[in-house]
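# Geometric and topological summary
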Amino acid sequence: MNALEINNLEVSYGGIRALKGVSLSVAEGQITVLLGANGAGKSTLLKAISGLVKPTKGSIKLWQKDIASLKPHEISSLGVAHVPEGRGMFPGLSVRENLQMGVYLAPTSEISDRLEQALNLFPRLRERFTQLAGSLSGGEQQMLALARALVARPKLLLLDEPSLGLAPIISQEIFRTIRQVHQTGMSVLVVEQNARLALQVADYAYVLKTGELETHGLASDISKNESVGKAYLGVEA
Amino acid sequence: MNWKWLLVVVALFIICFWADVSWNGYALRLFMFLGLYVALSVSLNLVNGLTDIFSLGHAAFMALGAYTSAVLTLPLERRPSTFSTLATWFQEMVVPFPLALLAGASVAIVAALLIGVPLLRLRGHYLSVGTLALLVIVETLTRNMAFLTKGARGFNGIPTYTNVFWVWGVAVLCIYIVVRFKVSSFGLAFNALRQDDVAAEATGIPTAKYRLLSFVVSAAMAAVVGGLWAHLVRVIQPNVFSYNITFLVVAMLVIGGLGSISGSVIGAAVLFIIPEALRFLETGRLFGLSQLILALLLIVVMVFRPQGLLGRKEISFGKQRATSNEQ
Amino acid sequence: MNVDYFFQQLVNGLAIGSLYALVAVGLSMVYGILRLINFAHGDLMMVAAMSGVTLLLFLVKSPFILFIAIALLAGLLGLVFERIAYRPLRGAPEVNLLITSFAVSSILQTGTVMAITAQPRRFETVPVLSKLYDVAGLQIRGADIATFIIAVLSALALTWFTRTSRTGIAMRAVSENLQVSMLMGINPSRPIALAFFIGSLLAGVAGVLWGWKYGQVDPTMGFLPGLKAFVAAVIGGIGSIPGAFVGGYVLGLAEVFFIGFLPPSFSGYRDVFVFALLFIVLLVRPQGILGAAKGRRA
């Protein structure tokens, strides 16, 4: 069973159709990446999955369950964690409090264990534990955002441009962590502009262009794909 | 200018003639108040409906106009006793009604400029609360400057210069002015401003100036209406131009449709007639029932039909002018 | 002008400041979580005070129970209005929320006039509160002492709640970023309702304290304090609860010292002074004392 199945999804903002009939699926336990330029509609897709925007047409199924009528917090309780564009920090809350929000739905008995694990994964956060999230650097914020999502022990992790604005070395660290954590069986859907980096960790890839699906396939195939290479990987013609 | 609208105006003035000649005093008075409310809601629409400002201070400018004009037109025989502490030349000066109204408008313009420049830096709810502060400030001033305004006791003996022609003449003028604003490049600029003032600014629209302009013009109109009001009711007090009338005019505006001028006319008519019709209910315990119903109605409208009766559209005869497809 | 007079004014300022602080905190809480300046907030305080006089006073003799009952009443009233007037408008344009809260304010005022009275009513107090206590050579009324203590305790309790409890932190999270908080699985309706409940409860507390202090209440008494609480919240930094608290005291003290040290003929202008202060703050430091420097919009 696929973790996520999207069929013919259409989303409109005002009079503009951001997504025009997109179909994709995320296989259970795999890392799927969604590539595309700015404005292609990638963020919109993630928001539709997590419930922040409502589609005008099409269906979204999480483990075969149609989530069209669900509110974002209900979708979250199904096991979805969405790290939005710009990380979505609570800037006035401390690192600890941000993480506490991550475990909002968790049973009390598990909270301290989960927090411990997150801090082991991102030691930098332990140092900054009581600091306000707004005062963290970009890389630290991304770590916090990821940690916050992970402590929820999601079954499906949605990541929106995790490498945005980060130094390459930090981006690599982030992606390494993603791959590491995914080995527990978590399904991941990553939206990325940094195609090269994303394709290194991904199992499967989709390419979105102005709201429509351009192509898709195994990550290894896509990275060898000529047109994708030219458009997104900087391969010389 | 559509000739069909000209017909409406002519018909209106025929009705005024008829009213003046043959209606009984009570009906005539109601008709005049209706005209005043129409002028008030239309002039407020210039700011609240067309720009991104939601002012709650309209009554303050009414007060300024009312008191200024009343103080100037008070008949000669009453002046020395009323203004006993003021200069002799003031005690001996009486100003003709039209000039007094203009003086009132001028005071309001100055006040709107003075207050507007700092106040209009605010946005949204902040700004609205700031305009409420205006109400308090003006009321405090009129209450404390008793040497001029007679303070809380009220200013009485105002000559009844207001008649049905004045009222509806001013009302039509207000409508004309606001319509001109709406259909002009101002109106388009206001549309942009309302939706995204940063973007509007970026395209070269002088947002600050435009907002101030609408605020000032609206204030001037309110002041003239205030002057007419004072010369109709003959007695004014500081607390007359306050919360209650503000609420009523805002309700007229919102229910008619923010941004629709014909909407505010209709809103004024509807919300004026209902309380009058229900007045017989307001005995003893039930005093204020009409305001309560109004408030409930307002909430219902906000929940179920937030754009009001007409939204931003206008009633038109025949061909629609090219207005923006607004909601 | 002597030292005693100064300290007397100081005490006055702290007493009034406490009232403003309580109302301002409630206002700020609601604004923080909904971006709504609740016009009806001051009127909630008024309803609390008026109810205290009329309804409950005949049923309840103990001031302590009266206090709690009215505070809860105010809280519940806030909840009711949140549910029927504000929640349906979540996501609607700012203007609509504004108009609705304006309408709620009108409902509270006219409703009170109709249900109770339009006339000012005497607010019964108890000897403990009306007595003058000798504190360090100053004469301080019991009611003022109680007001100050209650205000400070409320602030401490609120701070503790929003910093340690899961729900309290969730409330702050929803205030900061509604969308993301939903992604955490938080149903925003609950923290919002809670913020309304607490904010309104504080307004109710202020209403009772006001009644004890001034001995008289009437249906229009909420308007001005509500506005002044707004000024206080802006001075302190709107959306910031500690800010609103501080702002309340700043305003109370400023107002009292303004009246206290200027010739009596100026006393009628105290409200103008308050709003002049508002405009100055907005021009010079719009984010308030404790607010973070943001854009013009908060």
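See the structure shown above.
A brief structural summary. Please read all numbers here as calculations on a predicted model, not as lab measurements. (Residues numbered from 1 in each chain as written. Chains lettered and ligands numbered in written order. Predicted model: local features only at pLDDT ≥ 70, side-chain atom pairs only at ≥ 80, totals over all residues.)

### Some details on the overall build of chain C
- Check the secondary structure of chain C and you find twelve helices and four strands.
- Taken along the three principal axes of its C-alpha coordinates, chain C extends 60 × 50 × 35 Å.
- The burial tally for chain C puts 56% of its 298 residues in the buried class.
- Pairs at least 24 residues apart make up 75% of the contacts formed inside chain C by residues separated by at least 6 positions. (Helix = DSSP H or I, 4+ residues; strand = E, 2+ residues; numbered from the N terminus. Buried ≥ 20, exposed ≤ 12 C-beta atoms within 10 Å, placed from the backbone. Contact = placed C-beta atoms within 7 Å.)

### Comments concerning the nonpolar core
- Residues Val225 and Leu298 of chain B together with Val25, Ala49 and Val231 of chain C are the most contacted members of the largest nonpolar core, which totals 282 residues.
- No fewer than three residues from each of domain 1 (1-79 + 155-237) and domain 2 (88-153) of chain A sit in this core.
- Among all residues touching Ala49 of chain C, those that are not within four sequence positions of it are Phe123, Gly207, Val208, Trp210, Gly211, Val217 and Met221 of chain C. (Core = buried A, V, L, I, M, F, W, Y, C linked by C-beta atoms within 7 Å. Domains from an automatic or database assignment.)

### Remarks on the sheet that holds strand E2 (residues 16-27) of chain A
- If you walk across this open sheet you meet the four strands as E2-E1-E4-E5 (chain A), and the pairing is antiparallel. The open sheet has two free edges, formed respectively by E2 and strand E5 (65-66) of chain A, since each of these has just one partner strand. (Pairing = 2+ DSSP bridges.)

### Focus: helix H1 (residues 3-22) of chain B
- Relative to the 28 Å expected for 20 residues at 1.5 Å per residue, H1 of chain B spans 29 Å between its end C-alpha atoms, a close match to the ideal helical length.
- The buried count for H1 of chain B comes to one of 20 residues, which makes it a mostly uncovered element. (Expected span 1.5 Å × (residues − 1).)

### With respect to the pairing of strand E3 (residues 31-35) of chain A
Residue and element names in this part refer to chain A.
- Where burial is concerned, most of E3 is hidden: five out of the five residues are buried.
- On E3, burial covers both faces: Ile31, Val33 and Leu35 on one face and Thr32 and Leu34 on the other are all buried.
- Summarising the sheet, E3 and strand E9 (residues 204-209) pair through four bridges and their orientation is parallel. In the sheet register, Leu35 faces E9, and the bridge partner there is Val207.

### Examining the environment of Tyr206 of chain A
Residue and element names in this part refer to chain A.
- When you line up the elements, Tyr206 lands in strand E9.
- What makes Tyr206 buried here is the crowd of 26 C-beta atoms within 10 Å.
- It is 6.7 Å that separates the C-alpha atoms of Tyr206 and Gly217, two residues lying eleven residues apart in sequence.
- The contact partners of Tyr206, leaving out residues within four places of it in the chain, are Leu24, Leu34, Leu35, Leu213 and His216.

### Some points on the packing of helix H14 (residues 261-278) of chain B against helix H15 (residues 289-304) of chain B
Residues and elements named next belong to chain B.
- Contact geometry of H14 with H15 gives a least axis separation of 9 Å together with a crossing angle of 140 degrees. By the angle between their directions, the pair H14 and H15 is classed as oblique. Of the two possible hands of crossing, H14 and H15 adopt the one that is right-handed. The residues of H15 that touch H14, namely those facing Leu271, Ile274, Pro275 and Leu278, are Leu289, Ser290 and Leu294.
- For the contact of H14 with H15, the class distribution of residues is six nonpolar, one polar and no charged. (Axes fitted to C-alpha atoms, helices over the stretch in contact; angles between N-to-C directions. Parallel < 35°, antiparallel > 145°, perpendicular 65-115°, else oblique. Left-handed = near helix turned anticlockwise from the far one by under 90°. Nonpolar A, V, L, I, M, F, W, Y, C, P; charged D, E, K, R; others polar.)

### A few points about the interface of chain B and chain C
- Contact with chain B, which involves 35 residues of that partner, is made by 36 residues of chain C.
- At the level of secondary structure, the elements contributing two or more residues to the side of chain B that touches chain C comprise helix H6 (97-119), helix H7 (124-144), helix H13 (243-256) and H15 of chain B.
- Tallying contributions element by element places H7 of chain B first for the side of chain B that touches chain C, with twelve residues.
- Counted by class, the side of chain B that touches chain C contains 24 nonpolar, seven polar and four charged residues.

### Here's the deal with the interface of chain C and chain A
- Taken together, the 16 residues of chain C in the interface contact 19 residues of chain A.
- Elements represented by at least two residues in the side of chain C that touches chain A include exactly helix H7 (166-176) and helix H8 (178-183) of chain C.
- The element that contributes the greatest number of residues to the side of chain C that touches chain A is H7 of chain C, accounting for six residues.
- Here the side of chain C that touches chain A is built from residues that sort into eight nonpolar, five polar and three charged.

### Let's talk about the sheet that holds E3 of chain A
Residues and elements named next belong to chain A.
- Strand order in the open sheet made by the six strands is E6-E7-E8-E3-E9-E10, with mixed pairing throughout. Only two strands of the sheet have a single partner each, and these edge strands are strand E6 (80-83) and strand E10 (212-218). Sheet twist, expressed as the mean angle between neighbouring strand axes with direction ignored, is 15 degrees.
- As paired elements, E9 and E10 share six bridges and run antiparallel to each other. By the bridge assignment for E10, Ala205 is matched with Gly217.
- With respect to the sheet, helix H1 (residues 42-50) is in contact with E3, E6, strand E7 (156-160), strand E8 (187-192) and E9, its orientation differing from that of E7 by roughly 150 degrees.

### A look at the packing of helix H6 (residues 138-150) of chain A against helix H7 (residues 168-182) of chain A
Residue and element names in this part refer to chain A.
- Two elements in contact, H6 and H7, have axes separated by 10 Å at closest approach and are oriented at 10 degrees. The pairing of H6 with H7 is recorded here as roughly parallel in orientation. In contact with Gly139, Gln142, Leu146 and Leu150 of H6, H7 contributes Ile170, Ile174, Thr177 and Val181.
- Counted by class, the contact of H6 with H7 contains five nonpolar, three polar and no charged residues.

Keep in mind that these numbers describe shape and distance, not what the molecule does.
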